[in-house]
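Descriptive analysis of the structure
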Amino acid sequence: MRAAMVWLPLAALVLWTVGPFLISLSVSFKQPAQVFSDPGLIPAQPTLDAYFRVIERPGFQQALWNSVVIAFGSLILTLVVGVPAAYALARFRFRGRHLLLLFSLLPMLVPKVGLMFPLFLLAVNLGAFDSRIFMILVFTGMLLPLAVWLLLGFFEAIPRDLEEAAAVDGATQMGAIIHIILPLSIPALLTVAVLAFREAWNEFELVLALTMTGNSRTLPYELFLMQDATGIADFPVQNAFALLTIVPLILVYLRIERYAAEGLLSGAVK
Amino acid sequence: MGEVAFRDVVKRFDDGTIAVNKLNIEVADGEFLVLVGPSGCGKSTSLRMVAGLEEVSGGTIEIDGEVVNSFTPRDRDIAMVFQSYALYPHMTVEKNMAFPLRMAKVSAAEKDRRVKEAADILDIGNLLNRYPRELSGGQRQRVAMGRAIVRSPRVFLMDEPLSNLDAKLRVQMRGEISHLQRELRTTTLYVTHDQVEAMTLGDRVAVMHNGVLQQLASPEKLYASPGTVFVAGFIGSPPMNLCHGTVEKGEAGLTVRFGSMALGIDEESLARYPSVSGRAGQDIIVGMRPECFSFEAGDGAPGRSIRTSVDLVEMLGAEALVYVRTDARPVNTKDLVDTSSDVGVSEKVRANAMVARVSPKGLPQVGETVELHYETGELHFFDPVSGLALS
Amino acid sequence: MATGARSGAAATRIVGWQHSGIAYLSSAPAMIIVAMVLAFPVLFALWQSFFGVSPIRGEQPFVGFGNYTRVFSDPQFWASLGRTAIFVFGVIALGLTLSIIFAFALNRVVSGLRFIRGIAILPYIVSSVAAALMFRTLFNSDFGFPNQMLEFFGFAGIPWLSNGNWAMLVIIVAQVWTDLPLALLFILGGLQTIDKQLHEAALVDGATGWRSALYISLPLIVPQITLATVWLSFKAVTSLGTILALTGGGPGDSTQLLTLEMVRLGFDEYDTGTAMALVIIIFLLNAGLTLFYLGLQRKFGMK
């Protein structure tokens, strides 16, 4: 009886979480007509037809490419810009340091839906509407405050002795960062990288606001548009598409689950 | 070469506290110099200023005659062993030791040779592929030493390198460091709060207190003629008994009276502190080494002993500590004695007692009245105002 | 140890490593990017909400609080605010219930915790659109799993997405599904910091199972529950993608929330000024709700 009180909720948790994936997976292996005629979880005649039809779509290919470019671009820019900023905040004392710390906290209160218009107008005025580079900048900005906080906390926790030892061992400041600080910060760097990648890969609202054509539109928007385009019937293609967008993140997350759980928690303030 | 000089060095922290005040020390090439003092006395800060880990607020620090105040640590050609060892956790022992050479862009073959050589000297050749987390405290300590010697720097700086080891290992490593330094003849600045370490290791010892250098001398000199009350109360285990007293001139010559007790000032002691003769009737601080007391009568001369009752007896094995009651006004030793080396006697007993270190045979009972004889030539005198030893 | 003397700031003091020029230089890019894409747009939105701006017409008359009064006098606004209230309340109620139950169960798991926790995190990595599509399939009235179940037991199927009330329920469930992982992790984190001895003491005092959970653990994790509430509420108030892809605001206007209203005003009617006013209202609504939850925690929390 008491064991049931633990296992029942756990079973419910797994069912609640995995259920929608399983049903989606099931539908994605069916033919459109089969969805109605064969509603069981395990398809009578499983087929990869839906996946081929998704992959063959030019819109999908272009959106996939855009997503890859923008997600990796954001990830790299976040690290390239975030690491020096976090290091400076952790190790330097300079006028305005506290102001900057506060400044980087404030945006965490700002919901993204609220940024759709202002950013749209900004992009139009800068001539950066429908531009992948502008989107990389935007997504980087969305995650930077959190990234800097995560890295800052991590850098501050690295004993100063290590840096001092590197200094007397003849390292320059840059040398100490490259040889000591960064290798020790790999868990934090990975967490930030994954969070940045996810941010850019999954973002929908801002893509909706900042893109016009297939040249810069990423997977979530493409998926959204296709749903309208395919009308009533093509559930297998929709689900195959949805699952394909999730796969890369699942692969990454399975690898770094233990960092991710901590990273998510440390993102609690957001 | 490796001469280090502090010239009027001052360190003022951002909050205004002065950690080091007008420090002047010259360290000769090849010398082993120990900086010792209680925590917060400025010894570590002084060392860190030599390393370039701390800016110098005033005065100059010179290495081989060159002012290095504005040099980055990299440009000073020094090596340092940290209290925490500061081994790089993501590198193997070999990589750790090779790091200074890598930063100096030494060729791979030369690097290997020198790491092997240093590893052999320290007997850690079998640990080269391990990571710091897989090592014991003593092994980590050796690796830290190895990383320091591998580069043959001008100066070794050691910041309490032994204080994270247990007592037994500490004694062993102490011997090894001493041996190693004598072999390499590299100028070494060594910081510790442990006066035993200081006395056993240093060619010369600099005792610091509140950022001020108290005395810089050889261990023998430091023990035989402490320059200040602080040094007298810091060096020795247990430290010197110090109390306020007055010099009296009687028929038998000079006597020092402290509380209800008195000791005659013998010729030998007077010869070392001649100005005492001019202090008749004045207050002074008198110091008596615990190990100079004994229960056996000496030459039987008058005024060579004190009578008092026993408060506490501590048996240490080869010797015993006998705490006897005194009504003399004690010198406030609170900031003189390092509590970490305290034998465990409460402040209260210590404040009203004098300690005698005696042979463990025929020990008295607590409460018993005893006669303690004091050796000739071992009395010490200090000015009660300035705290300086009398001339 | 003399290190006590150098306590305080973590800043390095190594000679030659403290150039404030380098500090400014290395933090400047991050600050510029954040200022450009986060700080500036917020101020810009505030500014624009006082103008009758429209990118199409190109006129910019200053209207003061005109946009706000227009919003407040619009019955559409009040209707969508009401729907948002129902939605947010539903998300918090369902989300908190589930995350507390699941967290308590997870807290009892010894082996395999990481595995189950890993599964529980999965929805966090699904984009709002993908989640919406999965729920469209799930709640399809012809072949969806809930209706299959109902029909299996002899009940009539429910028109999930074509009935306004049911559609509201579906978007609440979908929203909770996407945002549950973090709420769950918050509460689990709180539970895991509670001293196990407390429970043993309670056991000795005769409290068992749910009693122990109710009287001992729950009061101790009020801060984490508040955090979870703030998170769920924040995400619900600002939710757009899920609803847009799941119902598009329909059927009729039954799931037309404030955010969708904002998109309609801005992108469909090009009424930028009013849309910006709505943006500011959403900001303030969020801030107000957060303060409200913190106030509740103050009033009822133990700490």
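Residues numbered from 1 in each chain as written. Chains lettered and ligands numbered in written order. Predicted model: local features only at pLDDT ≥ 70, side-chain atom pairs only at ≥ 80, totals over all residues. Heavy atoms only, no water.

1. A few points about the overall build of chain C
Scanning chain C from N- to C-terminus turns up 13 helices and zero strands. Starting at the N terminus and walking to the C terminus, you meet the elements of chain C as α-α-α-α-α-α-α-α-α-α-α-α-α. Put simply, of all contacts in chain C between residues at least 6 apart along the chain, 69% involve residues at least 24 apart. A total accessible area of about 13300 Å² is found for chain C, and carbon and sulfur atoms account for 67% of it. (Helix = DSSP H or I, 4+ residues; strand = E, 2+ residues; numbered from the N terminus. Contact = heavy atoms within 4.5 Å. Areas by Shrake-Rupley, 256 points an atom, 1.4 Å probe, with all protein chains shown as cover.)

2. A short note on the sheet that holds strand 16 (residues 305-315) of chain B
Residues and elements named next belong to chain B. The sheet built from five strands is open, its strands ordered 15-19-16-17-18 with antiparallel pairing. Pairing within the sheet leaves two strands with one partner each, and these edge strands are strand 15 (293-294) and strand 18 (353-358). Both strand 15 and strand 19 (residues 369-374) contribute to a ladder of two bridges, which runs antiparallel. Note that in strand 19 the partner of Phe-293 across the bridge is Tyr-374. (Pairing = 2+ DSSP bridges.)

3. Considering the confidence of the model for chain A
Residues and elements named next belong to chain A. Predicted confidence across chain A gives a mean pLDDT of 84, with 87% of residues reaching 70 or more. Mean pLDDT across the elements of chain A bottoms out in helix 14 (residues 257-266) (55) and peaks in helix 8 (residues 160-168) (93). Overall, residues 265-270 carries pLDDT values under 50, and its contacts beyond four positions in sequence, including any with other chains, amount to 13 contacts. (pLDDT = per-residue confidence, 0-100.)

4. A short note on the pairing of strand 11 (residues 241-250) of chain B
On a regular strand, each side chain points to the face opposite its neighbour's, so the side chains alternate between the two faces of the sheet. Residue and element names in this part refer to chain B. Bridge count for strand 11 against strand 14 (residues 283-288) is six bridges, and the pairing is antiparallel. Directly across from Thr-246, in strand 14, lies its bridge partner Asp-283. Hairpin connection of strand 11 to strand 12 (residues 253-258): two residues between the antiparallel strands.

5. Details of the interface of chain B and chain C
The interface is formed by 17 residues belonging to chain B together with eight residues belonging to chain C. Buried area between chain B and chain C, both sides added, is near 1200 Å², and the carbon and sulfur share of it is 57%. At the boundary of chain B with chain C, the tally comes to one salt bridge. A salt bridge links Glu-54 of chain B to Arg-13 of chain C, with the shortest nitrogen-to-oxygen separation between them at 2.5 Å. Classifying every residue of the side of chain B that touches chain C gives four nonpolar, eight polar and five charged. (Buried area = accessible area lost by both parts, 1.4 Å probe. Salt bridge = Lys/Arg side-chain N within 4 Å of Asp/Glu carboxyl O. Nonpolar A, V, L, I, M, F, W, Y, C, P; charged D, E, K, R; others polar.)

6. Thoughts on the sheet that holds strand 4 (residues 58-63) of chain B
Within a sheet, adjacent strands bond to each other through the backbone by hydrogen bonds, running parallel or antiparallel. Residue and element names in this part refer to chain B. The four strands are arranged 2-1-4-5 in an open sheet whose pairing can be described as antiparallel. Unpaired on one side and paired on the other, strand 2 (18-27) and strand 5 (66-67) mark the two borders of the sheet. The pairing of strand 1 (residues 4-12) with strand 2 spans six bridges and is classified as antiparallel. Each residue of the ladder has a partner; that of Phe-6, found in strand 2, is Ile-25. Along the sheet, helix 1 (residues 43-51) contacts strand 1, strand 2 and strand 4; its crossing angle with strand 1, the most-contacted strand, is approximately 115 degrees. (Axes fitted to C-alpha atoms, helices over the stretch in contact; angles between N-to-C directions.)

7. A short note on the pairing of strand 18 of chain B
Residues and elements named next belong to chain B. With five of its six residues buried, strand 18 lies for the most part within the structure. Bridge count for strand 17 (residues 320-325) against strand 18 is six bridges, and the pairing is antiparallel. For Val-322, the partnering residue across the bridge sits in strand 18 and is Ala-356. (Buried < 20%, exposed > 50% of the residue type's maximum accessible area, 1.4 Å probe, protein only.)

8. With respect to the environment of Val-150 of chain B
Residue and element names in this part refer to chain B. By the secondary structure assignment, Val-150 is in the loop between helix 4 (137-149) and strand 7 (155-159). Residue classification places Val-150 among the buried residues on the basis of a relative accessible area of 3%. Counting along the chain gives 50 residues from Val-150 to Pro-100, while the straight-line C-alpha distance between them is 7.8 Å. In this view, Val-150 contacts Met-97, Pro-100, Leu-101, Arg-114, Val-115 and Ala-118; residues no more than four positions away in its chain are not counted.

9. Points about the nonpolar core
Counting 230 residues, the largest nonpolar core has Met-116 of chain A together with Leu-189 of chain B as its most contacted members. Considering each element in turn, this core owes the most residues, 17 residues, to helix 7 (residues 164-193) of chain C. Ignoring sequence-local partners within four residues, the contact set of Met-116 of chain A consists of Glu-205, Leu-206, Leu-208 and Ala-209 of chain A together with Leu-240, Met-262, Val-263 and Phe-267 of chain C. One finds Leu-87, Val-205, Ala-217 and Phe-234 of chain B within the second-largest nonpolar core, a separate group that totals 43 residues. (Core = buried A, V, L, I, M, F, W, Y, C linked by side-chain atoms within 4.5 Å.)

10. Overview of the confidence of the model for chain C
Taken residue by residue, chain C gives an average pLDDT of 83. The fraction at 70 or more is 87%. Within the model, pLDDT remains below 50 along residues 1-9 of chain C, and this stretch shows 15 contacts once partners closer than five positions in the same chain are excluded.

11. A word on a nonpolar patch on the surface
A surface patch of nonpolar side chains, amounting to about 600 Å² of accessible area, comprises Phe-145, Met-149, Phe-152, Phe-153 and Phe-155 of chain C. Position of Phe-152 of chain C among the secondary structure elements: in helix 6 (residues 145-152). (Patch = residues over 30% accessible without salt bridge, like charges linked within 9 Å, V, L, I, M, F, W, Y side chains within 5 Å.)

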